[in-house]
Amino acid sequence: MNLPFRHLFRTVPKCSSFFSRRHVAHFTFFKDQPDPSHGPTKEMNLCQTIQNALDITLGNDHTAIVFGEDVAFGGVFRCTTELRSKYGADRVFNTPLCEQGIIGFGIGVAVAGATAVAEIQFADYIFPAYDQIVNEAAKYRYRSQNLFNCGKLTIRAPWGAVGHGALYHSQSPEAQFMHTPGLKVVIPRSAIEAKGLLISCIKDDNPCIFFEPKILYRSAKEDVPIKEYTIPLSKAQVIQEGSDVTLLSWGTQVHVLREVAQMAAKENISCELIDLRTILPWDVDTICQSVSKTGRLLISHEAPITGGVGAEIAATVARECFLNLEAPIERVCGYDIHPIPHVFEPFYFPSKWRCLEAIKRMMNF
Amino acid sequence: MNTYAKLLIRLQPSGRQLLQQQQQHEQIASSLPTVFSSVRKASSGTTLEYDTPKAYKLHMLEKGPSTHVSCNREEGLEYYKKMQVIRRMEASANNMYKSKLIRGFCHLYSGQEAVCVGMKAAMDKNDSLITAYRAHGWTYMMGVSVTGILAELTGKKTGCAEGRGGSMHMYAPNFYGGNGIVGAQVPLGAGVAFAHKYRGESNVCIALYGDGAANQGQVFEAYNMAKLWSLPCIFVCENNGYGMGTSTARASANPNFYTRCEYIPGIWVDGMDVLAVREATRFARDWCTSGKGPMIMEMATYRYFGHSMSDPGTSYRTREEVQDVRKSRDPITSFREKVIEANLATDEEFKNIDNEVKKIIEDAENHAQNDPELHVDELYSHVYSMRPENFKIRGCDNFTFKEISK
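Note that the structure is predicted; figures quoted are calculated from it, not measured.

A. Here's a closer look at the overall build of chain B. From N to C terminus, chain B includes 14 helices and 12 strands. Per-residue burial for chain B yields a buried fraction of 55% across its 406 residues. Look at the contacts in chain B between residues 6 or more apart in sequence, and 72% of them connect residues 24 or more apart. Surface accessibility of chain B: about 17,800 Å² in total, with carbon and sulfur atoms responsible for 51%.

B. Representation of the interface of chain A and chain B. Each partner contributes to the interface: chain A provides 42 residues, whereas chain B provides 37 residues. Contact with chain B buries surface across chain A, with Leu97, Tyr335 and Phe344 of chain A losing the most and accounting together for 19% of the total. Put simply, chain A and chain B have zero salt bridges between them. The interface formed by chain A and chain B includes five residue pairs in polar contact (both at pLDDT 80 or more).

C. The sheet that holds strand 10 (residues 295-300) of chain B, seen in detail. Residue and element names in this part refer to chain B. The sheet built from six strands is open, its strands ordered 2-9-10-6-5-4 with mixed pairing. In this open sheet, the two edge strands, each paired with only one partner strand, are strand 2 (56-59) and strand 4 (128-130). Across this sheet, the average inter-strand angle for adjacent strands is 20 degrees, counted without regard to direction. Summarising the sheet, strand 4 and strand 5 (residues 205-210) pair through three bridges and their orientation is parallel. By the bridge assignment for strand 5, serine 128 is matched with cysteine 205. The sheet strands contacting helix 8 (residues 185-198) are strand 4, strand 5 and strand 6 (233-239), and the helix crosses strand 5 at an angle near 170 degrees.

D. Expanded view of the sheet that holds strand 11 (residues 271-275) of chain A. Residues and elements named next belong to chain A. Taken in spatial order, the five strands make up an open sheet running 9-11-10-13-14, and their pairing is mixed. If you trace the sheet from one side to the other, it starts and ends with strand 9 (237-240) and strand 14 (330-334), each paired once. Ignoring which end each strand starts from, the neighbouring axes of this sheet average 25 degrees apart. Two strands pair when backbone bridges link them, and strand 10 (residues 245-249) and strand 13 (residues 297-304) are joined in this way by three bridges, in the parallel orientation. Following the sheet pairing, leucine 247 is matched in strand 13 by leucine 298.

E. Here's a closer look at the domain arrangement of chain A. All names here are of chain A. For chain A, the assigned domains read domain 1 (28-225) and domain 2 (237-363). Measuring from the centre of the C-alpha atoms in domain 1 to the corresponding centre in domain 2 gives 26 Å. At the junction of the two partners, domain 1 supplies 33 residues and domain 2 supplies 30 residues. Together domain 1 and domain 2 conceal approximately 2,500 Å² of surface at their shared face, both sides included; 60% is due to carbon and sulfur atoms. For the interface between domain 1 and domain 2, the tally reads three salt bridges. Residue arginine 277 is joined to glutamate 193 by a salt bridge in which the shortest nitrogen-to-oxygen separation is 2.7 Å. If you list the elements that add at least two residues to the side of domain 1 that touches domain 2, you get helix 8 (174-178), strand 6 (184-186) and helix 9 (191-203). When residues of the side of domain 1 that touches domain 2 are assigned to their parent elements, the largest contribution, four residues, is made by helix 8. Looking at the side of domain 1 that touches domain 2 residue by residue, the classes come out as 19 nonpolar, nine polar and five charged.

F. Region of interest: the domain arrangement of chain B. We note that the domain assignment places domain 1 (59-374) and domain 2 (376-405) within chain B. Averaged C-alpha coordinates put domain 1 of chain B and domain 2 of chain B at centres separated by 37 Å.

G. Just the nonpolar core, in detail. Ranked by size, the top nonpolar core spans 110 residues in total, and within it Phe211, Ile313 and Val317 of chain A carry the most contacts. Two domains share this core, each providing at least three of its residues, namely domain 1 (28-225) and domain 2 (237-363) of chain A. Residues within four places of isoleucine 313 of chain A in sequence aside, it is in contact with Leu248, Trp250, Leu276, Trp282, Leu297 and Ile299 of chain A. Counting 73 residues, the second largest nonpolar core, distinct from the first, contains Tyr109, Val274, Ala280 and Val357 of chain B.

H. View of the environment of proline 213 of chain A. Residues and elements named next belong to chain A. Mapping proline 213 onto the fold places it in strand 7 (residues 208-213). Residue proline 213 is classed as buried on the basis of its relative accessible area, which comes to 0%. Sequence spacing of proline 213 and glutamine 253 is 40 residues, and the spatial spacing of their C-alpha atoms is 9.7 Å.

I. Local environment of the pairing of strand 2 (residues 65-68) of chain A. Residue and element names in this part refer to chain A. Of the two faces of strand 2, both are covered, the one formed by Ile65 and Phe67 as well as the one formed by Val66 and Gly68. By the bridge criterion, three bridges tie strand 2 to strand 3 (residues 92-94) in an arrangement that is parallel. Bridge pairing in strand 3 links phenylalanine 67 to phenylalanine 93.

J. Up close: a nonpolar patch on the surface. Residue and element names in this part refer to chain B. A grouping of Phe194, Tyr198, Leu228 and Trp229 is seen on the molecular surface, where their side chains present a nonpolar patch of about 520 Å² in accessible area. Assignment of secondary structure puts phenylalanine 194 in helix 8. The partly exposed category is assigned to phenylalanine 194, whose relative accessible area is 40%.

K. Region of interest: the UniProt feature "domain: Transketolase-like pyrimidine-binding" (unreviewed entry) in chain A. The feature "domain: Transketolase-like pyrimidine-binding" (unreviewed entry), as annotated in UniProt, sits at residues 44-219 of chain A in this numbering. Taken end to end, residues 44-219 of chain A has its terminal C-alpha atoms 10 Å apart, with 38% of it in helix and 16% in strand.

L. The arrangement of the side chain of aspartate 371 of chain B in detail. All names here are of chain B. Locating aspartate 371 in the fold gives a position in the loop between helix 14 (347-370) and strand 11 (392-394). In this structure aspartate 371 is buried but unpaired, with lysine 156 as the nearest side chain of opposite charge at 8.4 Å. For aspartate 371, the side chain forms a polar contact with the side chain of threonine 158, separated by 2.5 Å. Ignoring sequence-local partners within four residues, the contact set of aspartate 371 consists of Lys156 and Thr158.

M. A look at the pairing of strand 5 of chain B. Residues and elements named next belong to chain B. Within strand 5, five of the six residues are buried, leaving the element largely enclosed by the surrounding structure. As paired strands, strand 5 and strand 6 are joined by six bridges and run parallel to one another. When the bridges of strand 6 are listed, alanine 207 appears paired with phenylalanine 235. Note on the crossover from strand 5 through helix 9 (residues 217-228) to strand 6: the handedness is right-handed.

N. Main features of the side chain of lysine 195 of chain A. Residue and element names in this part refer to chain A. Inspection of the secondary structure assignment puts lysine 195 in helix 9. At 8.4 Å, glutamate 228 is the nearest oppositely charged side chain to lysine 195, a buried residue that forms no salt bridge. Among the polar contacts made by the side chain of lysine 195, one reaches the main-chain carbonyl oxygen of isoleucine 226 at a distance of 2.9 Å. Every residue in contact with lysine 195, bar those within four places of it in the chain, is listed here: Thr49, Asn52, Ala53, Ile56, Val224, Pro225, Ile226, Lys227 and Tyr229.

Conventions we followed
Residues numbered from 1 in each chain as written. Chains lettered and ligands numbered in written order. Predicted model: local features only at pLDDT ≥ 70, side-chain atom pairs only at ≥ 80, totals over all residues. Heavy atoms only, no water. Helix = DSSP H or I, 4+ residues; strand = E, 2+ residues; numbered from the N terminus. Buried < 20%, exposed > 50% of the residue type's maximum accessible area, 1.4 Å probe, protein only. Contact = heavy atoms within 4.5 Å. Areas by Shrake-Rupley, 256 points an atom, 1.4 Å probe, with all protein chains shown as cover. Buried area = accessible area lost by both parts, 1.4 Å probe. Salt bridge = Lys/Arg side-chain N within 4 Å of Asp/Glu carboxyl O. Polar contact = N/O pair within 3.5 Å; in protein donor to acceptor, adjacent residues only side chain to side chain. Pairing = 2+ DSSP bridges. Axes fitted to C-alpha atoms, helices over the stretch in contact; angles between N-to-C directions. Domains from an automatic or database assignment. Nonpolar A, V, L, I, M, F, W, Y, C, P; charged D, E, K, R; others polar. Core = buried A, V, L, I, M, F, W, Y, C linked by side-chain atoms within 4.5 Å. Patch = residues over 30% accessible without salt bridge, like charges linked within 9 Å, V, L, I, M, F, W, Y side chains within 5 Å. UniProt positions renumbered as here; feature names shortened; annotations may be inferred. Lys, Arg positive; Asp, Glu negative; His and termini not counted. Right-handed = clockwise from strand over helix to strand, strands pointing away.

Put into structure tokens, the structure is as follows:
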């Protein structure tokens, strides 16, 4: 993907000239700085970081196994390169083409005591496994009165829009899983975040789904600490403090909102930007504290608006912070059509322009 | 009357030309392997006939399709032309993808042409078909023009789904696509077969899937339903040896996909021989429409390109293997050789067909590159059918609603 070139064209796409249209990315990647207490760092992009996290896991936990379609040679996004040669074919192996089977098998192996890291090749393909995740994995501890659990299962899947994914390589299904208690759903925004969050997911004693923004695999290059570190789950991060409006998102959209905050600052609107990180269970306190301070909330996500994660957050915040709200809560999300039609992709996105417009509406309410 | 005399009558060439042709013919004859001698002996000059003893393997069947296959001149030229159109169309898609005129996903059918051409030749015009994402060849055979296909790939309004579907979502009457999720189309095929039976039609539904998809649970669910309810469904596994980058040996405990169901009979077919494919499809179709229930077919075929445009196709197989298949088993050149050998047509005629095909593709490419795109208001269309009164699609935020017209 020619993402470096895309940064050169910051114009709004016009639908008539299809040459320039496809070279504009809808976001600019903002690098994070590593925590100095985590020691020496190395420049890695997101897929190398995931590989590093899995390498550390396989190295420290002798029961850990990594499996999925095509993971043995390195995976279609090269997140599992060299793991098989390092740890052996009995720990890093391919499965046949059967998502329901992969997750069902993963649940079994996790219940029996192995740390299972299952890969679903694209989040769009997770649905044959939906029954296993929702009916088996999520409910295991509950229905056995804590006698059994599959907390050692972690499911990883590439997630979100990528520019040319169309209907079946672009979906963001986090809302479908947010509705299932018993699961944890986590989405990182960058390489540094991804390593800490993935290791936390693997160590967490509950079945976790870790969605990796595929558009960031190559472009999210940061100085990532080499050693093992974790980032707590269910803790949102306030990336930037502000006083006029709270902007909330996760994954790729956080970078869009960062740019929106910059654009809003030029118009003297001070934005507080929060990365939710864990979708389920989500950090109600941090969000509500922020909204109590600013009085306005904008939630943005790529998935369609109806029934999206933003809906749950908006309802909860409206109840908790009702008297502090200066304006109705805005959700700038994908349209209620199927994400994402190939030929209309630039029009579907909750772009920075739409977000800025929503902020202005709230400020002028 | 011998074949040379027939040649004389048909072509009326000059004396020198005839001599040249004779010499050419002898040269071809001496360099061909002996299997072609069976072509010459059986063919009577108006038909191509030969025996294909190795083209089928049977599972739970005592009798299989006839191993003596034939076609006449018209059919021969028609099959050649269709296969060549598909081959050139896929080559065109390959080039356009590389010049970024086509984006997204593109899975090419080159090498597998004999399967769709052969099967369609045996299908009734009201038979239904459903396949997975390697669908361009099938889309063409089910009636969509090359323009309809190439324009769909480039996202233009003249595409068969008006540019909304792209490579994996092409449709036509009786052709249910074009499906992205592996294996998901197989139970659908069983359902369509049920509809045929319910309506009392003597038609079948052909549900195609690949060697990778053969390991999906829902395929076995479809087998069970089809057998239980005796549905006129032909399950066809287009086995091209690789599920993306994984060979069948590494993915399947039982790589004999035609034997995968112990209660549905199966036939393995040499998928590179268009006439064998046609004969086997006729047999399967007769089986299903006579109320004997479903059948499974495995087409042993090969794809020259990688899984999709992002796969070079050489990291899991050698270049030599691909070239080897091109040289020895290519469905188009081997069929052409057989037709020439049987004196049904000459090199010259084939060259003319090739030129016609070239023109068709060029014209389609022109449309694909220059036709207008779909209007952006179509972003909201066809989410639901018949919209209720005052129904609006909610847009990106609480205040944007779009009134939709369809």
